[in-house]
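Structural overview for review
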Amino acid sequence: MLKRVLIGALLLIAPACTSANAPVETVPEGPGKVLVIGDSISLGLGAMGATTDCPVTPEYSSLRGTYGVQIADTLGVDYEVVAWPGIGLVRNFGEDQTNTLSARLERPDLKQRLDAARPVQLVLVNIGTHDFFGNDATDAFVPAMEDLLSLLSKRYPDATIYALTGPMLSGTDKAFHDNAVQIAVDAVNAAQGTQIRFLALNGGDPKVAHGCAWHPSIPAHEHMAAMILEDMTARN
């Protein structure tokens, strides 16, 4: 599926044609990185697993197979993945709630890392799976997501920003998550005049969509990457 959207996606970053007499400074600068912010999904944990029963360990994981890295490879650019297993925006998986993404964003080291990622042409934010698993985190999540999207839009004003959901939640958990992210996106766009995009991802064919512990498989990551690239092509 990635091959079908490759040509359209490359058109998004190709410089405009110029005549032989055109001054050099009119040629656009090369594209920046793909920046991915998320949790174990964005790290590719469990993606290599043949069944859902295998452990989420390094031998069953693949960062290079993730949707974000596949998109960077398709666009022919570098990438930066800022993600931690089990992290949520306002609620982590497990008992340790001291290192949520919101808390980390207050720390100089993460701010410096985000600054060092420049130039960035595409930001993919996929956070909230742990916030909404068996829980309606809307009241705390929405303002925190607004803060995150505002921060990113100010740091990377020329980048295309996607606020993503999926593919691990289902039922009411998914509905709460999708709705909260959409509310945050709409609020930031209305307040700041940005064009942040919301996109709900899925893993494609359920027969091959799951790796270890129900994490998205490599085919699922391929499907997610294709969804994003097709959306980029359709909106540009």
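Structure report, in brief. Only a predicted model underlies this, so the values are computations on that prediction, with no experimental measurement involved. (Residues numbered from 1 in each chain as written. Predicted model: local features only at pLDDT ≥ 70, side-chain atom pairs only at ≥ 80, totals over all residues. Heavy atoms only, no water.)

What follows deals with the pairing of strand β4 (residues 160-165). Taking burial as the measure, the 6 residues of β4 include 5 buried ones, the bulk of the element. By the bridge criterion, 5 bridges tie strand β3 (residues 120-126) to β4 in an arrangement that is parallel. Its bridge partner being in β4, Val-123 is matched across the sheet by Ile-161. Both β4 and strand β5 (residues 197-200) contribute to a ladder of 4 bridges, which runs parallel. Note that in β5 the partner of Tyr-162 across the bridge is Arg-197. Of the crossover connections in this fold, the one passing from β4 over helix α8 (residues 171-192) to the parallel β5 is right-handed. (Buried < 20%, exposed > 50% of the residue type's maximum accessible area, 1.4 Å probe, protein only. Helix = DSSP H or I, 4+ residues; strand = E, 2+ residues; numbered from the N terminus. Pairing = 2+ DSSP bridges. Right-handed = clockwise from strand over helix to strand, strands pointing away.)

Once that is clear, we can look at the side chain of Thr-129. You can see Thr-129 is positioned in helix α6 (residues 129-132). Every residue in contact with Thr-129, bar those within four places of it in the chain, is listed here: Asp-39, Ile-41, Met-168, Leu-169 and His-177. (Contact = heavy atoms within 4.5 Å.)

Right, let's get into the sheet that holds strand β1 (residues 33-38). Strand order in the open sheet made by the 5 strands is β2-β1-β3-β4-β5, with parallel pairing throughout. Across the chains shown, the open sheet's two edge strands, defined by having one partner strand only, are β2 (79-83) and β5. Sheet twist, expressed as the mean angle between neighbouring strand axes with direction ignored, is 20°. Both β1 and β2 contribute to a ladder of 5 bridges, which runs parallel. Across the sheet, residue Gly-38 finds its bridge partner in β2, namely Ala-83. Packed on one face of the sheet, helix α5 (residues 108-116) meets β1 and β2 and runs near 160° to β2. (Axes fitted to C-alpha atoms, helices over the stretch in contact; angles between N-to-C directions.)

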